[in-house]
Structure formats: structure tokens, C-alpha cells
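Fold and contact review
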Amino acid sequence: MRLDKFLSQQLGVSRALVLRELRNKRVTVDDEIVKSGSLKLTPENVVKFDGNVLEQQNGPRYFMLNKPQGYVCSTDDPDHPTVLYFLEEPVAYKLHAAGRLDIDTTGLVLMTDDGQWSHRITSPKHHCEKTYLVTLEHPLSPETPQQFLDGVQLHNEKDLTLPAQLEQIEPTLVRLTIREGRYHQVKRMFAAVGNRVVGLHRERIGAIVLDDDLAPGDYRPLTEEEIASVAVPR
């Protein structure tokens, strides 16, 4: 990658501003001042701006984040803080959520800059499983687990939902696993059977399970095995 393009990405400024900073001798490569933006960087080069190292990103990135309430999963929102607030990574704005959560929903969010990888999670044809811990307003009706297995009719939807697994933990606490991702699906499924979701927490996407020791707002890189579990057809 050319030095000027790298600096533009890292600093979040235009190429014209990058050239000005180069002329002002604020950039070094391997501790040598560089004034030309045309220099081709190698992975071994150490680039510094005002003495601070700018890390080169080689290859796509994958992270697990425990999303708290009050944050949206879009990368830019004029009205609400986004999950990018928690990611202390170079050029974090290039990361996106593979499977978004509502602002009031908590739990597992996968962040990546690999579009093909995230497509395997979000594309309806792959039927990627997601598991949620659901708190209900009213105790679970005995017939609801079978209704979810059979598929329910959502408001303004033509097709029934795909079979979903429902496990009761307490009278108003259940664990739900679905294989699709319709708009507000979990909340609408329970509304369709006369109940209401008052708390929603995602625990799992595919084979990737949220770490118990990740506090709300914390994140970590995915392991090679976790990354491969999405890349390989299930």
C-alpha cells in the first residue's frame, strides 16, 4: 500500500492533508523522515506520526463484543452512540456488525471488515443459528414451544417462521434458537402468541458463544476456530 493512502486511512484525513503533514516532517518510516506519499509500504515497515506508531493491518479482522444497552450496531448514527465506541482498534470505522442487535438488546455482536465472512452469517440462505436469552412479560404458555416448532405467522408476513427451539428456564425466562433473521423477529414471534419481550440477550451465533467473562462493552479477537466455524458450510 502507498504511504499516502495508508496515512489517509489511519488518520482519517484527505490525501491533501496527508501531503501537508509529510511536508511538515511529521511522518517517519523506520525512523527516517519521509516526505513522499508514493513510498510503497511493506508489512515490516514501522510508520510513525509525531513519534506514535501507526499499525499496519494485514488481512481481515474478527472480534467478539458484548454489546450493552443503549448502543446501535450501525457504524454511523446521528442520534445514538454506536458499538464502534468500544473498539480500540486502528481504523475501527472500517469494521461492521455481522448480525445487528436493536438498541435495547444486549449480548453477542461479531465485528469484522470481511464482507464475505459476515454474509455467511446474515444471508437468509445459510440459516445461521442464533440463540437468545429472553425475558417475558407473562409466564410462558405451555403450547408456545410447539407453536414455535411449527412456525408462527408474523404480522404483515406471508410465510411462517422457520422451526425454532424454545427452552423454558423460569416461568418468564426462556432460551430461544432461531435460524433466520427477520426484522425484530424474536419480539414479533412472542407478540404473535400473545406475550411480550421485556429483555433480550444474544448468547450465540452459529458455533460462536459469547464469553461469560466479557463484561458489557468488552471485546476480544475471535480464535481461528471461531472464524473457521463461519467460513466452513454448516
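Here the structure is a predicted model, which is why all the values come from computation and not from measurement. (Residues numbered from 1 in each chain as written. Predicted model: local features only at pLDDT ≥ 70, side-chain atom pairs only at ≥ 80, totals over all residues. Heavy atoms only, no water.)

If you walk across this open sheet you meet the four strands as 2-1-3-4, and the pairing is antiparallel. Edge positions in the sheet fall to strand 2 (32–33) and strand 4 (52–54), since each has one partner strand and no second. The pairing of strand 1 (residues 27–29) with strand 3 (residues 47–49) spans three bridges and is classified as antiparallel. The residue bridging V29 from the neighbouring strand is V47, located in strand 3. (Pairing = 2+ DSSP bridges. Helix = DSSP H or I, 4+ residues; strand = E, 2+ residues; numbered from the N terminus.)

Our next topic: helix 1 (residues 3–11). Of all nine residues making up helix 1, seven are buried, and the element is well covered by its neighbours. Regarding helix 1, the residues found buried are L3, D4, F6, L7, S8, Q9 and Q10. Two residues or fewer after helix 1 comes G12, characterised by a positive phi angle close to 70°. (Buried < 20%, exposed > 50% of the residue type's maximum accessible area, 1.4 Å probe, protein only.)

This part takes up the layout of surface pockets. Its boundaries defined by the atoms lining it, the largest pocket holds a volume of some 610 Å³. Lining the largest pocket are 30 residues, and of these R100, L101, G181, R182 and H184 sit closest to its centre. Put simply, the parts of the chain that give the lining of the largest pocket at least two residues each are helix 3 (115–122), strand 8 (130–136), helix 5 (185–192) and strand 11 (197–205). Looking at the lining of the largest pocket residue by residue, the classes come out as 13 nonpolar, nine polar and eight charged. Among the domains, domain 2 (59–126 + 210–233) and domain 3 (129–205) are the pair contributing at least three residues each to the lining of the largest pocket. (1 Å grid on protein atoms, 1.4 Å probe; cavity = no way out; pocket = protein on both sides within 12 Å on 5 of 7 lines; lining within 4 Å. Points joined across faces, edges and corners; volume = space filled by probe spheres on them. Nonpolar A, V, L, I, M, F, W, Y, C, P; charged D, E, K, R; others polar. Domains from an automatic or database assignment.)

What follows deals with helix 5. Residues Q185, V186, R188, M189 and F190 constitute the buried set of helix 5. Contact partners of the buried residues in helix 5: strand 8, helix 4 (144–150), strand 9 (165–170), strand 10 (173–178) and strand 11. Where helix 5 ends, the next residue or the one after it, G194, has phi of about 85°, a positive value. (Contact = heavy atoms within 4.5 Å.)

Time to look at the domain arrangement of the chain. Looking at the assigned domains, one finds that the chain contains domain 1 (3–54), domain 2 (59–126 + 210–233) and domain 3 (129–205). Computed from C-alpha atoms alone, the centre-to-centre distance between domain 2 and domain 3 is 22 Å. If you look at the interface, domain 2 gives 15 residues, while domain 3 gives 10 residues. Contact between domain 2 and domain 3 buries roughly 950 Å² in total, counting both sides, with carbon and sulfur atoms accounting for 45%. Remark: the boundary between domain 2 and domain 3 carries two salt bridges. A salt bridge links D102 to K187; the nearest nitrogen and oxygen atoms lie 3.4 Å apart. (Buried area = accessible area lost by both parts, 1.4 Å probe. Salt bridge = Lys/Arg side-chain N within 4 Å of Asp/Glu carboxyl O.)

Our next topic: the side chain of S118. With respect to the helices, strands and loops of the structure, S118 is situated in helix 3. When sequence neighbours within four positions are dropped, the list of residues in contact with S118 reads H96, A98 and T112.

Turning next to the environment of V109. Its place among the elements puts V109 in strand 7 (residues 106–112). Residues within four places of V109 in sequence aside, it is in contact with F63, M64, L65, K67, C73, A97, L101 and R202.

So, about the pattern of salt bridges. Here the structure, examined in full by the defined rule, presents 18 salt bridges. In this structure, E226 engages R220 in a salt bridge whose closest nitrogen and oxygen atoms are separated by 2.8 Å. Taken as a pair, E226 and R220 share a single burial class, namely buried. It is possible to trace a salt-bridge network through shared partners that takes in R20, E21, R26 and D50.

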